[in-house]
Every structure is written in structure tokens, then in C-alpha cells.
Amino acid sequence: MRYKLATILLFILYNSYNLHAQNGKIIKKEKLILSKSTLTKIQKADSNMISALKKVEFYSITYLSDSLKIKGFIAKPIREGNFPCIISNRGGTGNFGEWNETGVGFFLGKLASWGYVVAASQYRGNSGSEGKEEIGGSDVNDVLNLIPTLNEIENADTSRIGIEGASRGGMMAYLALKKTCTFKAAVVLAGAANAFTALKNRPEFEKHVYAKYIPNYNDNKEKELKKRSAVFWANKMCKTTPILIMHGSSDWRVQATESLELVSNLYKYKHPVRFILFEGADHGIREFRDEFFSQTKSFFDYYLRDLNDLPNMKLHGR
């Protein structure tokens, strides 16, 4: 009886280890050619992007995360060299905000055109990915498991990995920073940082988002919302990852008070953070899009590409 029990335990441990070792493994990879209609849309949004995209290649991938098959994308420069990496996190839930060809071409393509290998996930339960979406629950592993995925990408320098995200994707970035110090820099646009504030400002979230996606939400409401609210655990995010947080002051989807509260807490804990509040800008900071991209590139280039030292967060000076 003891022999059988020991054999069963060894079998469970072996399979658990094997599944963990498979995390991030690419099981399908296909070249993605942007359609003419997509290129036309990108041309209208940013005429300079078309020439830049000629130096970028795209792939749709399926990779493993917690034994689930997850859909994602890779964008990378078409030239020789080893390039730093960025994991990009989409906003929205379900089909709303999912990566489509235009978003992949424009946003991932822009990051790749700066000289970065970019990886992005659709998250579990979306766009053909297996599993169930939990908006900041176990689906955070779909983000973290892109770290080993990058090891399979030619020209990816995995000693230099950054992370970025917008809205819900910002929340995913914050959660990732709570779990690992892998990232050399993080950039967040209008990141969801206080679910209680969001619920107050948008009460429809209770039924259509939180209760729909968060497991056992009605039984553990306060606990689950705090788990997804970085303002309550700002001191637990990796302090060796500098963060650039940007928000529009006229954003109604995620109000700027969420970022203001988080930045105040990060400042209290001496976390290296830079904050830019764009006056009168909306959720996507469309009124200042060129400056938003310029700030993003400058921050990643400084801390991720060039690996400059962290700033001195102690009070100092004359």
C-alpha cells in the first residue's frame, strides 16, 4: 500500500514538474502578413509607420501556459543583432480590446521598429485560447509564461526584458511586477490600479466584468478586488523595476485618480517611478499620442536597452 502511494505521489510530482517545464513552449508559429486594409488603417493613423513596418516581421503563435494552449503574437526587427524584449499587455476583457491585426501591426509593430522583440498574449479564454479568463487571476501566468517563450525567439536578448500595458493590461503589468524582478523597466498607460474606485465610477462593472470573470466573486468580493488593485500592495512590486505611468486627465474609462493614488503610494515606498498626467487627454491619450510614444521609447531605451542605473530615490540635493 505504501509502495503504491509513493508511486502515485512520484507520478504526480513528475507530471507537475513536466507541465511547469513546458510553460512558454511555442507549439505553433505562423508568419503573419499584414493585409492591405490593415496597412491602409495604419497609414491613416501614422503615415511614418508604413516605412518602419517594412523592417518588422510578425508571427502568430500558440504557446503553453499552465498546460493550456494560449494564443499570442511576436513582432521583431528584420536585421541581425540581439535585441532587448518587451512583453505587451492588451486591455479590455473578452473580445473587447483583444489583439487584432491592426493593433498588432500598429502597436506591437511600433515597439519592434524601435529595435525590440515584442511578445503579446490574448490571455486564456480569448480568441481561441484555452481556459477561462479571470482578469488578473491565474491569467497573469499567461503574461509571465511569455518570459520563457522569448527564449525560443531568435535574436531575443532575454537578459533585457521590459513590460508594458494599457488599462486592464496595466493591471496585468502591476501584478507581474508583484511576482518577479525579471523586468528592467515598465511602462503603463491608464492602468487600472483601484478596482473599488472603478466600481464606484462604473457600477456596471459589477455585473458585466467582475462577477462575470472573477471566480467566486460574490463570496470573496473585497479580497478579490484588493488582489487586483495595486494601490493596496504598491510596496510589494519589485523596486528594481522603474515604472513610467502615464494617464489622461479626461479619461472616463479609468479615471486618473487611480494612477494618482498609486503614484503617491509608490513615492512613499521610494519606488523609482515617473508620472505624466496629460491635460485633457482621453483613455488612449490620443490628443498627445506622439508624445506618449516618445516618452515610452525614451524610458525603455534608457532603462531597458541601455541598462542605466536606477535613480536615487532618497531625499537629496542642496
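These remarks concern the structure in this document. This structure is a prediction, so every number in the text was calculated from the model and none was measured.

**Some details on the pairing of strand 4 (residues 83-89)**
Inference 1: Counting buried residues in strand 4 gives 7 out of 7 residues, a clear majority hidden from the surface.
Inference 2: Examined bridge by bridge, strand 4 and strand 6 (residues 156-166) share 6 bridges and lie parallel to one another. Within strand 6, the residue paired with Cys-85 across the bridge is Ile-161.
Inference 3: Where strand 4 lies against strand 5 (residues 117-121), 5 bridges are found, and the strand directions are parallel. Note on strand 5: the bridge partner recorded for Ser-88 is Ala-120.
Inference 4: You can see the chain leave strand 4, run along helix 4 (residues 101-113) and come back into strand 5, and the turn it takes is right-handed.

**Observations concerning the packing of aromatic side chains**
Inference 1: Counted under the stated rule, the structure contains 12 aromatic pairs.
Inference 2: With 5.7 Å between their ring centres and 85° between their planes, Phe-205 and Tyr-210 make a pair best called edge-to-face. Across this residue pair, the class does not change: Phe-205 and Tyr-210 are buried.
Inference 3: Each ring, one from Phe-292 and one from Phe-293, has its centre 5.1 Å from the other, and the planes form 55°; the classification is tilted.
Inference 4: A relative accessible area of 7% places Phe-292 in the buried class.
Inference 5: Classification of Phe-293 as buried rests on a relative accessible area of 10%.
Inference 6: Over the ring of Phe-232 we find Lys-226; its NZ or CZ atom is 5.4 Å from the centre of that ring.
Inference 7: Looking at Lys-270, its charged tip hangs above the ring of Tyr-267, at a distance of 5.6 Å from the centre.

**Side note on the pairing of strand 3 (residues 68-77)**
Inference 1: Within strand 3, 8 of the 10 residues are buried, leaving the element largely enclosed by the surrounding structure.
Inference 2: The pairing of strand 2 (residues 56-65) with strand 3 spans 10 bridges and is classified as antiparallel. Bridging from a neighbouring strand, Ile-61 pairs with Gly-72 of strand 3.
Inference 3: Here strand 2 folds back onto strand 3, and the loop between the two strands holds 2 residues, one of which, Asp-66, carries a positive phi near 55°.

**Concerning the state of the cysteines**
Inference 1: Scanning all chains against the criterion turns up 1 disulfide.
Inference 2: Paired by a disulfide, Cys-181 and Cys-238 hold their sulfur atoms 2.1 Å apart. One quick way to see it: the torsion about the S-S bond of Cys-181 and Cys-238 is about 115°, and its sign makes the bridge right-handed. Taken as a pair, Cys-181 in the loop between helix 7 (168-179) and strand 7 (186-189) and Cys-238 in the loop between helix 10 (221-227) and strand 8 (243-248) lie far apart in primary sequence, 57 residues in all.
Inference 3: The exposure class of Cys-238 is buried, given its relative accessible area of 6%.

**Focus on the environment of Phe-96**
Inference 1: Note on placement: Phe-96 falls in the loop between strand 4 and helix 4.
Inference 2: You can call Phe-96 exposed: its relative accessible area is 55%.
Inference 3: Along the primary structure Phe-96 and Arg-289 are separated by 193 residues, whereas in three dimensions their C-alpha atoms are 21 Å apart.

Calculation criteria
Residues numbered from 1 in each chain as written. Predicted model: local features only at pLDDT ≥ 70, side-chain atom pairs only at ≥ 80, totals over all residues. Heavy atoms only, no water. Buried < 20%, exposed > 50% of the residue type's maximum accessible area, 1.4 Å probe, protein only. Helix = DSSP H or I, 4+ residues; strand = E, 2+ residues; numbered from the N terminus. Pairing = 2+ DSSP bridges. Right-handed = clockwise from strand over helix to strand, strands pointing away. Phe/Tyr/Trp six-rings, centres within 6.5 Å; stacked < 30°, edge-to-face > 60°. Lys NZ or Arg CZ within 6 Å of the ring centre and 35° of its normal. Disulfide = S-S within 2.5 Å.

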